[in-house]
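# Coordinate analysis (summary)
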Amino acid sequence: MAVDGTSAGTPPANDTVDPATGLPGHTGAIGCIESLVLDGRRLFFGFSSNQMLSPLIDDAGAMALFAARHMRQRTGAHDEAYWAELVRASIDGSDLVWSEAQSDFSRAALEGWDAGDARGHLLCLLDAATLWDGHMPADLPPGTAHPDDDTAEERVREALRIRSTVANWSLLCRTYARGAERAAH
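One numbering rule holds for all chains: residues counted from 1, following each sequence as written. Local features are withheld for residues below a pLDDT of 70 in this predicted model, meaning they are given only at 70 or higher, and side-chain atom pairs are given and counted only at 80 or more; totals for whole chains, interfaces and linings count all residues. Side-chain descriptors were evaluated using all non-hydrogen atoms of the structure, hydrogens and water having been removed beforehand.

### Looking at the packing of aromatic side chains
Filter applied, for reference: Stacked, edge-to-face and tilted labels apply to pairs of Phe, Tyr and Trp rings (six-membered ring for Trp) whose centres lie within 6.5 Å, assigned for plane angles under 30 degrees, over 60, and everything in between, in that order. Exposure is judged per residue with a 1.4 Å probe applied to protein chains only, and the accessible area is read against the type maximum: over 50% gives exposed, under 20% gives buried, and values in between give partly exposed. Helix and strand labels come from DSSP, where a helix needs a run of H or I of at least four residues and a strand needs a run of E of at least two; each type is numbered from the N terminus.
If you walk through the whole model with that rule in mind, you get three aromatic pairs. A centroid spacing of 6.5 Å and a plane angle of 85° characterise the contact between Phe45 and Phe47, whose relative ring orientation is edge-to-face. The buried category is assigned to Phe45, whose relative accessible area is 0%. Judged by centre distance (5.0 Å) and plane angle (85°), the rings of Phe45 and Trp169 are edge-to-face. On the criterion of sequence distance, the pair formed by Phe45 in strand E3 (residues 41-48) and Trp169 in the loop between helix H5 (152-161) and helix H6 (170-184) is long-range, its members being 124 residues apart. Considered together, Phe45 and Trp169 belong to a single accessibility category, that of buried residues. Taken together through their ring pairs, the aromatic side chains of Phe45, Phe47 and Trp169 make up a single cluster.

Structure (structure tokens):
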């Protein structure tokens, strides 16, 4: 299964996810399947109530299998064929964005601190994929602006809060954080 970064083409994992156990604390959660495109490659993920339920997975069959083992719908557990339909549907539509452009990212653009039309969606994904309690980190530089200010200091703060991510979401998060740090200097 292309989940832990060991198969060719799978994004490298920050924290290896055991396909047999899923994400700690998220197994059995009710969620949906979403997808995004990174550097032209479709990646699938489980999502619910602003939290990630899976790593980024580049294989539709592996995503369906992961979901069958570790995710639920409001109607309960479902088999791999059921989830495969939801994986396919995530390619053509999303409950998170209005247009495909909002889910299309390139690492080069992210490192340039440019998410374009996808910026709002990217921030939502980053928030859901980071292990952050919502409080300002204690080690921010003195005089750091409020999170809503559009300043270089805000960019530094945003980069600092992207510290630890769920599974292999660091692929997206750390790339954007590097862009934020560069833009702030």
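### Side note on the sheet that holds E3
Pairing between the strands of a sheet comes from backbone hydrogen bonds, and it takes one of two forms, parallel or antiparallel. Condition: Strands pair, by our definition, only if DSSP identifies at least two bridges between them. Every residue pair with non-hydrogen atoms within 4.5 Å of one another is taken to be in contact. Note on method: axes are straight lines fitted to C-alpha atoms, helices fitted across the in-contact stretch only, with angles between N-to-C directions ranging 0 to 180 degrees.
Spatial ordering of the open sheet is given by E4-E3-E2-E6, a layout of four strands whose pairing is mixed. Every other strand in the sheet has two partners, leaving strand E4 (51-52) and strand E6 (104-105) as the edge strands with one partner each. For E3 and E4, the ladder comprises two bridges, and the chain directions are antiparallel. Among the inter-strand pairings, Phe47 is bridged to a residue of E4, identified as Met52. Contacts from helix H2 (residues 80-92) reach strand E2 (32-38) and E3 within the one sheet, and its direction differs from that of E2 by about 40°.

### Side note on the nonpolar core
Quick note on the threshold: For our purposes a nonpolar core is just a set of buried Ala, Val, Leu, Ile, Met, Phe, Trp, Tyr and Cys residues, chained together by side-chain atoms within 4.5 Å.
Of all hydrophobic cores here, the largest spans 27 residues; its most connected members are Leu36, Met52, Phe105, Trp169 and Leu172. Every element with two or more residues in this core is listed here: E2, E3, helix H4 (119-129) and H6. Residues contacting Leu172, with those up to four places away along its chain left out, are Leu36, Leu38, Phe105, Leu110, Leu122, Leu125 and Leu126. Formed by 14 residues, the second largest nonpolar core is a distinct cluster that contains Leu53, Ala62, Phe66 and Met71.

### Overview of the pairing of E2
Summarising burial for E2: seven of the seven residues are buried, a large majority. Burial of the side chains of E2 extends over both faces: Cys32, Glu34, Leu36 and Leu38 are buried on one face and Ile33, Ser35 and Val37 on the other. Pairing analysis gives seven bridges linking E2 to E3, with the strands arranged antiparallel. Residue Val37 lies in a different strand from E3, and its bridge partner there is Arg42. Linkage of E2 to E3, two consecutive antiparallel strands, is achieved through a turn of two residues, within which Asp39 is found at a positive phi near 50°. Two elements, E2 and E6, share two bridges in a ladder whose sense is parallel. Bridge assignment links Leu38 to a residue of E6, and that residue is Phe105.

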